[in-house]
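Chain and residue survey
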Amino acid sequence: MAVLFSDEKKWNLDEPDRNIKYWHDLRKEPKSFFSVQSGGGSVMVWAAFGFSGQVGFAFLGGRQNSPKFIETLENNLMPFAENRGGRNWEYQYDNAPIHTSNATKNYLNSKTVTVLE
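Thresholds, definitions, all that
- Residues numbered from 1 in each chain as written.
- Predicted model: local features only at pLDDT ≥ 70, side-chain atom pairs only at ≥ 80, totals over all residues.
- Heavy atoms only, no water.
- pLDDT = per-residue confidence, 0-100.
- Helix = DSSP H or I, 4+ residues; strand = E, 2+ residues; numbered from the N terminus.
- Pairing = 2+ DSSP bridges.
- Core = buried A, V, L, I, M, F, W, Y, C linked by side-chain atoms within 4.5 Å.
- Buried < 20%, exposed > 50% of the residue type's maximum accessible area, 1.4 Å probe, protein only.
- Contact = heavy atoms within 4.5 Å.
- UniProt positions renumbered as here; feature names shortened; annotations may be inferred.

**Side note on the confidence of the model for the protein chain**
- When pLDDT is averaged along the protein chain, the result is 81; 78% of the residues meet or exceed 70.
- For the protein chain, per-element mean pLDDT is lowest for strand S3 (residues 53–60), which scores 83, and highest for helix H3 (residues 102–110), which scores 96.

Given below as structure tokens:
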């Protein structure tokens, strides 16, 4: 039995996630590539990994909730799992509220997805 795992990560351009390091020629002046104004902004990504490496990757918009998580699964995880994995796989995620909500559980049950505890 194969296992698929997914999770989300948000990177902020302001503290604490700001990446302020980059490679540059030490013989030249360092450059500033961005400045933080009005909170800096952020980017949220979703990725899944499984029995054959990376399964899916998606940029997510806005605040995530159960309906948006279900949409991400429907558009990114399920097509891969159904086409490559058949029914011989189990799904694993952390216990974030959007992962364990009744709506998400009902969706996964409707797709007959086995979830690891």
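The discussion continues.
**Digging into the sheet that holds strand S5 (residues 114–115)**
- Read from one edge of the open sheet, five strands run S3-S2-S1-S4-S5, paired in mixed fashion. Across the chains shown, the open sheet's two edge strands, defined by having one partner strand only, are S3 and S5.
- Summarising the sheet, strand S2 (residues 42–50) and S3 pair through seven bridges and their orientation is antiparallel. Bridge pairing in S3 places glycine 50 opposite glycine 53.

**Some details on the nonpolar core**
- Of all hydrophobic cores here, the largest spans 22 residues; its most connected members are Leu4, Trp46, Leu73, Leu77, Trp89, Tyr91 and Leu108.
- The set of elements that each furnish at least two residues to this core consists of strand S1 (2–12), S2, S3, helix H1 (66–85), strand S4 (89–92) and H3.
- Top contributing element to this core by residue count: H1, with seven residues.
- Setting aside residues no more than four positions away along its own chain, leucine 77 makes contact with Leu4, Trp46, Ala48, Val55, Thr72 and Tyr91.

**A word on the UniProt feature "transmembrane region" (unreviewed entry) in the protein chain**
- Cross-referencing UniProt, the feature "transmembrane region" (unreviewed entry) maps to residues 43–60 in the present numbering.
- Helix makes up 0% of residues 43–60 and strand 89%. Its end C-alpha atoms lie 8 Å apart.

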